[in-house]
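Results of the structural survey
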Amino acid sequence: MNKAGLIFVGISIMIALGFMIPAFSMPGGSVDGAPGPGYFPIIVSLLVIIFAIIQGITYLKEDVKTFEQTETQVKNKPTLFITCVTILVYTILFSIIPFIPLTIITIGFLNWLYGKKWVHNSIFSVVFTVVVYLIFSKFLHVML
Amino acid sequence: MDWITAFAGVFRPDVFFYLVVGVVSGAVIGTLPGLTATMAVAVLTPISFWLEPACGFAMLIGVYNSAIWSGGISAILINTPGTPASMASTFDGYKLARKGYSGLALNINTIWSVTGGLLSTICLATFSFPLARFALKFGPAEFAVVALFGLTMMVSVSGSSPIKGLLVGFLGLLFSTVGLETIHAFKRYTFGQVGLLDGLNFVAVMIGLFGIGEILHQIYTSEREENVIQAEVKTKGQMPSPKLLASLVPQNLFAAAISIIIGAIPGAGGDIASIVSWGQAKRMSKFPEEYGEGSVEGLSVTCTANNAVIGGAMTTMLSLGIPGDAVTAILIGSLMMYGMTPGPMLFIENRPFVLTLIAQMVIANLVILVFGLTTSKIYPRLLAVKKTTLWVVVLFSCFVGAYAINNSTTDLIAMAVFGIVGFFFKMLDVPNGPFILGLLLGGLLEANLRRTLAMTMGSYSIFFTSVISVTLLIIAIVSLFLPSIISGIKKKFRTK
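Rules of the game
Residues numbered from 1 in each chain as written. Chains lettered and ligands numbered in written order. Predicted model: local features only at pLDDT ≥ 70, side-chain atom pairs only at ≥ 80, totals over all residues. Heavy atoms only, no water. Helix = DSSP H or I, 4+ residues; strand = E, 2+ residues; numbered from the N terminus. Rg over C-alpha atoms; globule rule 2.2 N^0.38 Å. Buried < 20%, exposed > 50% of the residue type's maximum accessible area, 1.4 Å probe, protein only. Areas by Shrake-Rupley, 256 points an atom, 1.4 Å probe, with all protein chains shown as cover. Lys, Arg positive; Asp, Glu negative; His and termini not counted. Charge placed at Lys NZ, Arg CZ, Asp CG, Glu CD. Contact = heavy atoms within 4.5 Å. Buried area = accessible area lost by both parts, 1.4 Å probe. Salt bridge = Lys/Arg side-chain N within 4 Å of Asp/Glu carboxyl O. Polar contact = N/O pair within 3.5 Å; in protein donor to acceptor, adjacent residues only side chain to side chain. Nonpolar A, V, L, I, M, F, W, Y, C, P; charged D, E, K, R; others polar. Phe/Tyr/Trp six-rings, centres within 6.5 Å; stacked < 30°, edge-to-face > 60°. pLDDT = per-residue confidence, 0-100. Core = buried A, V, L, I, M, F, W, Y, C linked by side-chain atoms within 4.5 Å. Expected span 1.5 Å × (residues − 1). Axes fitted to C-alpha atoms, helices over the stretch in contact; angles between N-to-C directions. Parallel < 35°, antiparallel > 145°, perpendicular 65-115°, else oblique. Left-handed = near helix turned anticlockwise from the far one by under 90°. Patch = residues over 30% accessible without salt bridge, like charges linked within 9 Å, V, L, I, M, F, W, Y side chains within 5 Å.

Quick notes on the overall build of chain B
When helices and strands are tallied, chain B shows 21 helices and two strands. By the compact-globule yardstick of 23 Å for 496 residues, chain B fits well, its C-alpha radius of gyration being 22 Å. When the backbone C-alpha atoms are referred to their principal axes, chain B occupies close to 70 × 60 × 50 Å. The 496 residues of chain B split such that 64% are buried. Carbon and sulfur atoms make up 67% of the accessible area of chain B, which amounts to about 18,600 Å² in all.

What follows is the structure, given as structure tokens:
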């Protein structure tokens, strides 16, 4: 049994239901036979559920552990987790904190996490952030 | 006259500048293992939106062609393909480099990649116009089937499990329904968020899946202790002689022909084309025993195949609106952002732009030729850049790139979420391609399906009476199940 695979299948079915249930309360089709806005999501959700069940049966029969971790992966797991959290926090703070300080701090933190020396880290964080800011904000007129 | 104007347009200082920027960026990204051509184009696409179409596309065309070519550099020097398309270049390229012919191998890579690129561009210029004229006969029913056809073709070549590919492809279709639907402008699954009215931004999702997802996967699976890669390039006296190049012409013409066709098939990319071409060239060679042992012939066909795929993929993308591979899927998104819809109407409404695009393909290849033959010495230094530095650079390029599309934090959130999804897809061996294609083709499929049903008063019979749609439906069904049938037959024979 492939547990990770089964979780993926379960999430797929939940997503399909999440799209399908509200689609039933969408307006119906017109008199000329054109289906309403709920028609397509219902059909596609059904297809997702059908193929998720088929894939689920395959995972049940499989004798594989997808997430059987190597020594390196076990060692890297905290780094991966912290990187994911950092990505999400940076995304949330992007519209709250100005670009330059937020990016310098985040890059500095990630470089520290990846084991960079502090001299290299400080120079890289500042230079990279300023270069990106100048290219996007001043040259391409992106509102950073 | 139109062609002269198109070529002259590429030499406008600003357009040519962005083309060269694209070639150089593509060379850097393609050379570094782990950074793919898809990622390169995905990350640079948002920047292109801030430029006028000719400049923006010059940069993207430069990146696309250059990243595929330069993927062969790391394949040759360190036995690690820079992009998946260069996988087959490791077979002979690395062995040649080990024998002390690294300069020769790099020059062969440049010359034949450019030849493949130019030949496929000639095909693009020749076949895309008649194909687009033919596609003008398509009605909504045919376009709905074309969208379905594109999706199934992608699924059929997306890995070992078509079921997994279908499941992900349908999930992509499902997510394409977020936002205002096309016929009644009804809000679906927006949760009151204005940022979701236009739907999930395709480019942001793509940057997440291919950029962030890949970097997270590398963080999880890479050794923490970094080994700086040592590679050396000898260039003196390693330019291939005209006689050697002439002796390689027949095999490479054949490889180009195979690859252009493979490229035109949605979903089949450079990796498949180069392996098929290498195998075919080996079968036809007078010296098959040299293949895999450092054969110049073997290396040249894989290099031709990589770049020949591009013209094929662009033909399907421009004339039918169906992406030939992941990169052309992003290019469709870019064209749409510029207000142009790929497909037959593009050839009527924006004919000069199509010609400019083809001219850019030609000039990009010529720039690659000059750039590639003069810069062999710098690649070992480039390969010595530490992985952790690359991770940070790519992560923040993705952030700024995704935000730059619309100055929208909704896109940024979508990118971050799909980045994490991309990591899990990679861990579970779930292909990203069908998801992206589903997201991209969902609108086309739904709109045309519903328009067809409105025209026929709700009857589905038109799908089975139109010759074009019946033919495409049959091909789609066959392509979907053929890989499973073939592998089933192979398994049976093996057990016997």
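Picking up after the structure, the text goes on.
Considerations on the overall build of chain A
A tally of helices and strands in chain A yields five helices and zero strands. Going from N to C terminus, chain A has its helices and strands arranged as α-α-α-α-α. Against the globule reference of 15 Å for 144 residues, chain A gives a C-alpha radius of gyration of 24 Å, more extended than a compact globule. Seen through its C-alpha atoms, chain A measures out along the principal axes to roughly 65 × 50 × 20 Å. Every one of the 144 residues in chain A was classed for burial, and the buried ones make up 44%. Of the accessible surface of chain A, which amounts to about 7,900 Å², a share of 76% is contributed by carbon and sulfur atoms. Charge-centre separation for chain A: the mean point of 8 positive side chains lies 17 Å from the mean point of 5 negative side chains.

Things to note about the interface of chain A and chain B
Residue-level contacts link 67 residues of chain A with 66 residues of chain B. Counting the surface lost from both chain A and chain B, the interface buries some 6,000 Å², and carbon and sulfur atoms represent 79% of this. Linking chain A with chain B are zero salt bridges, by the criterion used here. If you look at where chain A meets chain B, you find 10 residue pairs in polar contact (both at pLDDT 80 or more). Of all elements in the fold, only α1 (3-24), α2 (39-61), α3 (71-93), α4 (99-113) and α5 (118-139) of chain A reach the threshold of two or more residues within the side of chain A that touches chain B. Of the residues contributing to the side of chain A that touches chain B, the split by class is 43 nonpolar, 20 polar and four charged.

Examining the pattern of salt bridges
Residue and element names in this part refer to chain B. If you walk through the whole model with that rule in mind, you get seven salt bridges over all chains. When the shortest N-O distance is used, the salt bridge between Asp14 and Arg12 registers 2.9 Å. Owing to a relative accessible area of 29%, Asp14 belongs among the partly exposed residues under this scheme. By relative accessible area, Arg12 is classed as partly exposed at 33%. The closest approach of N and O atoms between Arg450 and Glu181, which form a salt bridge, is 2.7 Å. One end of the pair, Arg450, is in helix α19 (residues 433-455); the other, Glu181, is in the loop between β1 (179-180) and β2 (187-188), with 269 residues separating them in the sequence. Across this residue pair, the class does not change: Arg450 and Glu181 are buried.

Here's the deal with the packing of aromatic side chains
Inspection of the entire model under this criterion finds 32 aromatic pairs over all chains. Arranged with centres 5.7 Å apart and planes meeting at 80 degrees, the rings of B:Phe134 and B:Phe138 form a pair that is edge-to-face. Aromatic pair B:Phe418 and B:Phe435: ring centres 5.6 Å apart, planes at 40 degrees, arrangement tilted. Remark: B:Phe435 occurs in helix α19 and B:Phe418 occurs in helix α18 (residues 409-427); sequence separation between them is 17 residues. For the pair shown, B:Phe418 and B:Phe435 are each scored as buried. Here the aromatic residues A:Phe8, A:Phe19, B:Phe175, B:Tyr189, B:Phe418, B:Phe425 and B:Phe435 are joined through ring pairs into a cluster of three or more.

Some words on the confidence of the model for chain B
For chain B, per-residue confidence averages 83 on the pLDDT scale, and 91% of positions sit at 70 or higher. The element-level mean pLDDT for chain B is lowest in helix α21 (residues 467-495) of chain B, coming to 71, with helix α15 (residues 351-374) of chain B highest at 92.

Details of the environment of B:Thr452
Residue and element names in this part refer to chain B. Considering the arrangement of structural elements, one finds Thr452 in helix α19. By relative accessible area, which is 1% here, Thr452 ends up buried. Taking the C-alpha atoms as reference points, Thr452 and Glu142, 310 residues apart in sequence, are found 9.2 Å from one another. Within the structure, Thr452 has its side chain in polar contact with the backbone nitrogen of Ala141 (distance 3.2 Å).

Considering the nonpolar core
Residues and elements named next belong to chain B. Core analysis: the largest hydrophobic core is formed by 195 residues, its most contacted members being Tyr64, Leu216, Met314, Leu318, Phe396, Met415 and Phe435. At 16 residues, helix α4 (residues 53-78) tops the list of elements feeding residues into this core. With sequence-adjacent residues up to four places away left out, Met415 is seen in contact with Ala204, Ile207, Gly208, Ile212, Cys398, Phe399 and Ala402.

What about the side chain of B:Ser25?
The residue B:Ser25 is located in helix α2 (residues 13-31) in this model. With sequence-adjacent residues up to four places away left out, B:Ser25 is seen in contact with B:Leu44 and B:Val63.

Considerations on helix α7 (residues 162-175) of chain B
With 14 residues, α7(B) extends 20 Å between its outermost C-alpha atoms, agreeing within 8% with the 20 Å of an ideal straight helix rising 1.5 Å per residue. Extensive coverage of α7(B) is indicated by the burial of 13 of its 14 residues.

So, the packing of helix α3 (residues 37-48) of chain B against helix α13 (residues 326-337) of chain B
Residues and elements named next belong to chain B. Running from amino to carboxyl end, α3 crosses α13 at an angle of 15 degrees, the nearest separation of the two axes being 9 Å. Viewed along their axes, α3 and α13 adopt a mutual orientation that is roughly parallel. At the point where α3 passes α13, the crossing takes the left-handed sense. Contacts between α3 and α13 pair Ala37, Thr38, Val41, Ala42 and Thr45 from the former with Ala326, Val327, Ile330, Leu331 and Ser334 from the latter. The class makeup of the residues in the contact of α3 with α13 is seven nonpolar, three polar and no charged.

What to know about a nonpolar patch on the surface
Residues A:Trp118, A:Val119, A:Ile123, A:Val127, A:Val131, A:Ile135 and A:Phe139 make up a contiguous nonpolar surface patch of about 720 Å² in total accessible area. Assignment of secondary structure puts A:Ile135 in helix α5.

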